[in-house]
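One letter stands for each residue in the lines below.
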Amino acid sequence: MKTIGYAAHSAGADLVPYNFDRRDLRPNDVAIEILYCGVCHSDLHTLHGDWGPQPYPLIPGHEIVGRVMEVGPQVTEFKVGQNVAVGCMVDSCQDCDQCAKSEEQYCRNGMTPTYGAPDRITGEITQGGYSKNIVVRKEFVVNVPDSLDLSKAAPILCAGITTYVPLKRWNVGKETRVGVIGLGGLGHMAVKLAVAMGAEVTVISRSMKKETEAKELGANGILSSSDAAAMKKAASSFDFILDTVPVKHDFNTYLPLLDVDGSLVVVGQVGPMEEIMTPGLIFGRHRIAGSLIGGIKETQEVLDFCAQHNILPVCEMIPMEKINQAWKELTTSNPAHRYVIDMSSLRLE
Ligand code: NAP
Ligand code: ZN
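Cut-offs applied
- Residues numbered from 1 in each chain as written.
- Chains lettered and ligands numbered in written order.
- Predicted model: local features only at pLDDT ≥ 70, side-chain atom pairs only at ≥ 80, totals over all residues.
- Heavy atoms only, no water.
- Near = heavy atom within 4 Å.
- Polar contact = N/O pair within 3.5 Å; in protein donor to acceptor, adjacent residues only side chain to side chain.
- Areas by Shrake-Rupley, 256 points an atom, 1.4 Å probe, with all protein chains shown as cover.
- Helix = DSSP H or I, 4+ residues; strand = E, 2+ residues; numbered from the N terminus.
- Core = buried A, V, L, I, M, F, W, Y, C linked by side-chain atoms within 4.5 Å.
- Buried < 20%, exposed > 50% of the residue type's maximum accessible area, 1.4 Å probe, protein only.
- Domains from an automatic or database assignment.
- Contact = heavy atoms within 4.5 Å.
- Disulfide = S-S within 2.5 Å.
- Phe/Tyr/Trp six-rings, centres within 6.5 Å; stacked < 30°, edge-to-face > 60°.
- Axes fitted to C-alpha atoms, helices over the stretch in contact; angles between N-to-C directions.
- Parallel < 35°, antiparallel > 145°, perpendicular 65-115°, else oblique.
- Left-handed = near helix turned anticlockwise from the far one by under 90°.
- Nonpolar A, V, L, I, M, F, W, Y, C, P; charged D, E, K, R; others polar.
- Salt bridge = Lys/Arg side-chain N within 4 Å of Asp/Glu carboxyl O.
- Donors = N, O, S within 2.8 Å, 3.2 Å for Na, K, Ca; no water.

Caption draft 1: The site of ligand 1, seen in detail. The full set close to ligand 1 counts 28 residues, and His41, Ser205, Lys210, Gln269 and Arg338 are the nearest of them. Taking Leu186, its main chain carries an N or O atom lying 2.8 Å from an oxygen atom of ligand 1. Summarising the interface, the protein chains cover 91% of the accessible area of ligand 1, which totals 930 Å² for the free molecule. Only α1 (41-47) and α5 (185-196) provide two or more residues apiece to the shell around ligand 1. Element by element, the count of residues in the shell around ligand 1 is highest for α1, at 3 residues.

Here you go:
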């Protein structure tokens, strides 16, 4: 299928229109017309080469929402016209213990990310959702509940699942004292989800600038990490902290905020950590952990959870041609919401 997307041709280069072919449908494939795609900070990290060399030209995007155009003969789960979504993975071995548990992100043989990795059958490089169409095997397609506004659902596919899974794994519930570091795409979803789970949520931001947004999202308050007195006062006051900061930072700033037995779960940055002081860890029986997106079953679960609790990401819709500007904003003005690309702005040439 001839289609078009926005690709970078080298590390850090602007994204530009790129005509390419999506594969012909295999028997278990679903072809999707992409209507909306969220803009994740991981798109920048990857295309800028922060996580190592990439196979350019490369089209990013792994928060994909659209409509089924066509299905292969073995596909009974999806019908033409249905609202569907694709997240951060498009394949895995489907054979190991992790895949059997629907923890495909931890596939023993390596999952196939939505962009920048060889297809398991042909070896051609996967291309992401900043494009008009995508073809994905049915096991990696999820259903978008009818009650979710399609134009706002896309960020659930990465920002939603990545924050939902650790909140659930760490048993966040009624009255759990939750801190969310960094109020951006992931952070704002973490706040909404944790509030829906019954937690007392505090946003931990670099300043008080996002106080209004934090409260609108349902947070009880905001703590400025640059206010030493406020940080000291907040010592030992959290059971669980989710860290979404996208750059290398000092964990020692945040660890004293944990109460005894508290956990700090890192989902951001994905690079080296600063040195961590051990006394605080030991004297508070603190845990530092990591978490990677979520499996397909839980991706469907978080979409259903959002439908059930009327949770929608806060989205700023942009046309495709504004993408380079939006990427700049992510590293300068740091909006407390998600940019979402409206694919109707992209026309086949
Ligand atoms: P984002 O929208 O850019 O938000 C990040 C937030 O972090 C910013 O809004 C800002 O919040 C804070 N921040 C930015 N620069 C900072 C700095 N220099 N020091 C301290 N805080 C800073 O990014 P995102 O899309 O939410 O992604 C966040 C991170 O998660 C990225 O590293 C991304 O790659 C990663 N990620 C991981 C997974 C996973 O599976 N583990 C999945 C998706 C994304 P304040 O203004 O409130 O301080
Ligand atoms: Zn992402």
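Caption draft 2: Highlighting the nonpolar core. Ranked by size, the top nonpolar core spans 92 residues in total, and within it Tyr130, Val178, Leu193 and Ile323 carry the most contacts. Among the domains, domain 1 (2-158 + 314-345) and domain 2 (160-290) are the pair contributing at least three residues each to this core. Once you skip the residues sitting within four places of it in the chain, Ile323 turns out to touch Tyr6, Leu15, Val39, Tyr130, Ile318 and Ile341. Counting 15 residues, the second-largest nonpolar core is a separate cluster that includes Leu223, Ile241, Val245 and Leu264.

Caption draft 3: Region of interest: the state of the cysteines. Throughout the structure, instances matching the rule amount to 0 disulfides. The thiol of Cys315 is not disulfide-bonded; the next cysteine sulfur, from Cys306, is found 11 Å away.

Caption draft 4: Here's a closer look at the packing of aromatic side chains. Enumeration over the complete set of coordinates arrives at 4 aromatic pairs. Note on Tyr18 and Phe20: the rings are 5.7 Å apart at their centroids and 10° apart in plane angle, and the pair reads as stacked. Owing to a relative accessible area of 22%, Tyr18 belongs among the partly exposed residues under this scheme. Classification of Phe20 as buried rests on a relative accessible area of 11%. Measuring from centroid to centroid gives 6.1 Å for Trp170 and Phe240, while their planes differ by 45°, and the two rings are tilted. You can see Trp170 sitting in the loop between α4 (159-169) and β10 (177-181) and its partner Phe240 sitting in strand β13 (residues 238-243), a full 70 residues away along the chain. What makes Trp170 partly exposed here is its relative accessible area of 31%.

Caption draft 5: Expanded view of the environment of Met89. In this fold, Met89 is placed in strand β6 (residues 89-91). C-alpha separation for the pair Met89 and Gln105, spaced 16 residues apart in sequence, amounts to 7.4 Å. Beyond its immediate stretch of four places on either side in the chain, Met89 contacts Glu104, Gln105, Met111, Thr112, Pro113, Thr114, Phe140, Ile293, Gly294, Gly295 and Ile296.

Caption draft 6: Representation of the packing of α5 against helix α9 (residues 296-308) in the model. Running from N to C, α5 and α9 cross one another at 70°; their axes reach a closest spacing of 11 Å. When the axis of α5 is compared with that of α9, the two are roughly perpendicular. The two elements α5 and α9 cross, and the hand of that crossing is left-handed. Together, Met189, Leu193 and Ala196 of α5 and Val302, Phe305 and Cys306 of α9 make up the contact between the two elements. Its residues assigned to classes, the contact of α5 with α9 comprises 6 nonpolar, no polar and no charged.

Caption draft 7: Expanded view of the pattern of salt bridges. As enumerated under the stated definition, the model contains 19 salt bridges in all. With a closest N to O distance of 3.3 Å, Glu298 and Arg169 form a salt bridge. Residue Glu298 is located in helix α9, and its partner Arg169 is located in helix α4; the two are separated by 129 residues in the primary sequence. According to the relative accessible area criterion, Glu298 is buried, its value standing at 8%. Assessed through its relative accessible area of 40%, Arg169 is described here as partly exposed.

Caption draft 8: Spotlight on the coordination of the zinc ion (ligand 2). For the zinc ion (ligand 2), the full set of protein donor atoms is Cys40 (SG), His62 (NE2) and Cys158 (SG), at a range of 2.0 to 2.2 Å. The sequence pattern formed by the donor residues of the zinc ion (ligand 2) is C-x21-H-x95-C. Of the two residues, Cys40 is situated in the loop between β3 (29-38) and α1 and His62 in the loop between α1 and β4 (64-71); the sequence distance between them amounts to 22 residues. A residue is classified by how much of its surface remains accessible, and Cys40, at 3% relative accessible area, is buried. Given a relative accessible area of 8%, His62 falls into the buried group.

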